[in-house]
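# Chains, contacts and geometry: an overview
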Amino acid sequence: MRKIAILGSTGSIGTQTLDVVRNNKDLEVVGISAGHNVAMLEEQVREFHPRLAVVYDPAAAEDLKARIYDTETTVLSGMEGLLELAAMPESEILVTAIVGMIGIRPTLAAIEAGKDIALANKETLVTAGHLIMPLAKEKNVNILPVDSEHSAIFQCLHGENRKEIHKLLITASGGPFRGRKTGQLADVRPEDALKHPNWDMGAKITIDSASLVNKGLEVMEAHWLFGVSLDQIEVVVQPQSIIHSMVEFEDGAVIAQLGTPDMRLPIQYALYYPEHRYLPGKRLDFSQITSIEIAKPDMDTFKGLPMAIEAARIGGSMPTVFNAANEEAVAMFLHKEIGFLDIYRLIREAMDAHQVIENPDLDTILEVEKVTRERVRANK
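Residues numbered from 1 in each chain as written. Predicted model: local features only at pLDDT ≥ 70, side-chain atom pairs only at ≥ 80, totals over all residues. Heavy atoms only, no water.

### Topic: helix α6 (residues 122–138)
Helix geometry: α6 is bent most strongly at Ala128, by close to 105°. Within the sequence span of α6, burial applies to Lys122, Glu123, Thr124, Leu125, Val126, Thr127, Ala128, Gly129, Ile132, Leu135 and Ala136. (Bend = angle between axes of the 7 residues up to and from the residue. Helix = DSSP H or I, 4+ residues; strand = E, 2+ residues; numbered from the N terminus. Buried < 20%, exposed > 50% of the residue type's maximum accessible area, 1.4 Å probe, protein only.)

What follows is the structure, encoded as structure tokens:
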């Protein structure tokens, strides 16, 4: 049995991870966590019988304790609970399906404890890649990407010499607003932005896809995951989401990973790497594919991508500012406190106001995040 723990088991990636567990009898879930969704967490406890369940909100944790008093599952709360789950001795691999910078400390704790990481939390590498990757190397821990684009690159590179990479080509669907110009985005509503044409994702990531911030975060991640320069990473729009990403090698050969838009595939590949195990579901029918469309992203309209690349080039604490400003702005947009284009404005203002700190440690990263969120909230 391969024993796994899941940070964020009630979210989009977490629930799809549990779908993979249901289809494979040699996976055992030993730990799960959620922010406050006690009802779903109770269902998961009763189905998967984990040894530990963590609810970040202490009051919700007490509620869960009362609900599952008749089980043998231990309930903990807060960051201390997440840290205990991350490092629990029973697990072999931690799935970081939690959204936001809250995932950084548990990920570091899991690496320190020698756990492999199935990484779905973008913010971990975006803000702390300079801490995460050296520690993973020191502890001989695998960082296994779950994001569909990075998983695609990871699969393309299996057995290849990474020194022969010429370019990584990260694909983007273009989101629900592909083809629109700035003036056409002024009045879009959260419900419009949440209508992703291809993927079933959580609300925050879906908004990031609409703004192309998501693709900018993926560029930052790829830089750390695969050890390439920012100049070796290109974003291309592939609206059908058939090609999930590509690698161009020094001799001009391009290897692409294709498939249906199903997040269970990269999740399962990370859990069983390097095995391509059978996965039930739809398959690509090449007899029905008459063309595959490729286009350049519109960086003049969708400013999330160029601002992310700018933040990555500046480095230091600036990626934390970009990420924290976006997180806060997206939360306000989802609550209809600001408009869609205000997301770009608030990120820009936060970046312009920040004095860069080189090589920030974890405490500095978290302090920069706090200050940035306060600034964005004040400027709405």
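### Quick word on empty space enclosed by the protein
The final tally for this structure, using the stated rule, is 1 cavity of 30 Å³ or more. Taken together, 10 residues form the lining of the largest cavity, with Ser148, His244, Gln257, Leu265 and Pro266 sitting closest to its centre. Sorting the residues of the lining of the largest cavity by element identifies α7 (148–156) and α11 (264–272) as the ones contributing at least two each. With 3 residues, the single largest contributor to the lining of the largest cavity is α7. Within the lining of the largest cavity, the residues separate by chemical class into 3 nonpolar, 6 polar and 1 charged. (1 Å grid on protein atoms, 1.4 Å probe; cavity = no way out; pocket = protein on both sides within 12 Å on 5 of 7 lines; lining within 4 Å. Points joined across faces, edges and corners; volume = space filled by probe spheres on them. Nonpolar A, V, L, I, M, F, W, Y, C, P; charged D, E, K, R; others polar.)

### Quick notes on the packing of aromatic side chains
What describes a pair of aromatic rings is the distance from one ring centre to the other and the angle between the planes of the rings. According to the stated counting rule, one finds 6 aromatic pairs in the structure shown. With centroids separated by 4.8 Å and ring planes inclined at 40°, the aromatic side chains of Phe154 and Tyr273 adopt a geometry described as tilted. Linking Phe154 in helix α7 with Tyr273 in the loop between α11 and α12 (304–314), this pair joins segments that are 119 residues apart in sequence. The exposure class of Phe154 is buried, given its relative accessible area of 10%. Here the aromatic rings of Phe177 and Phe340 are separated by 5.4 Å at their centres, their planes lie at 85°, and the arrangement is edge-to-face. Here Phe340 lies in helix α14 (residues 340–353) and Phe177 lies in the loop between β8 (165–172) and α8 (190–193), a separation of 163 residues in the sequence. Across the pair, exposure class does not vary: Phe177 and Phe340 are buried alike. Through a chain of ring-to-ring contacts, three or more aromatic side chains come together here, namely Phe177, Phe333, Phe340 and Tyr344. (Phe/Tyr/Trp six-rings, centres within 6.5 Å; stacked < 30°, edge-to-face > 60°.)

### Regarding the sheet that holds strand β5 (residues 93–96)
As summarised here, the arrangement of the 7 strands in space is β4-β3-β2-β1-β5-β6-β7, forming an open sheet in which the pairing is parallel. Where the open sheet ends on each side, the last strands, each with one partner, are β4 (74–77) and β7 (143–145). Going across the sheet, the axis of each strand differs from the next one's by a mean of 20°, ignoring polarity. (Pairing = 2+ DSSP bridges. Axes fitted to C-alpha atoms, helices over the stretch in contact; angles between N-to-C directions.)

### Focus on the packing of helix α2 (residues 38–48) against helix α3 (residues 58–67)
One can describe the packing of α2 onto α3 by two numbers: an axis separation of 10 Å at closest approach and a directional angle of 40°. For the element pair α2 / α3, the angle class is oblique. As α2 runs across α3, the sense of the crossing is right-handed. For the pair α2 and α3, contact is made by Val38, Ala39, Leu41, Glu42 and Arg46 and by Ala60, Asp63, Leu64 and Arg67, respectively. Looking at the contact of α2 with α3 residue by residue, the class counts come to 5 nonpolar, no polar and 4 charged. (Parallel < 35°, antiparallel > 145°, perpendicular 65-115°, else oblique. Left-handed = near helix turned anticlockwise from the far one by under 90°. Contact = heavy atoms within 4.5 Å.)

### Regarding the sheet that holds strand β10 (residues 243–249)
If you walk across this open sheet you meet the 4 strands as β9-β8-β10-β11, and the pairing is mixed. Because the sheet does not close on itself, it has two edges, and the strands there are β9 (233–237) and β11 (254–258). Sheet twist, expressed as the mean angle between neighbouring strand axes with direction ignored, is 20°. Here β8 pairs with β9 via 5 bridges, running parallel. In the sheet register, Leu168 faces β9, and the bridge partner there is Ile233.

### Observations concerning the side chain of His150
Positionally, His150 belongs in helix α7. With relative accessibility at 0%, the residue His150 sits in the buried group. Within polar-contact distance, the side chain of His150 engages the backbone oxygen of Glu218 at 2.8 Å. Setting aside its immediate chain neighbours within four residues, His150 contacts Pro145, Glu218, Glu221, Ala222, Leu225 and Phe226. (Polar contact = N/O pair within 3.5 Å; in protein donor to acceptor, adjacent residues only side chain to side chain.)

### Here we look at unusual backbone geometry
In this structure, Pro274 follows Tyr273 across a cis peptide bond, with omega equal to 5°. Of note, Pro274 is situated in the loop between α11 and α12. A positive phi angle, close to 55°, is found at Ser241, a residue other than glycine. Turning to its location among the elements, Ser241 is positioned in the loop between β9 and β10. Relative accessible area serves as the criterion here: at 4%, Ser241 is assigned to the buried category. The backbone of Asn359 shows a phi angle near 45°, a positive value even though the residue is not glycine. Among the structural elements, Asn359 can be located in the loop between α14 and α15 (362–379).

What is shown is where atoms sit, not what they do.
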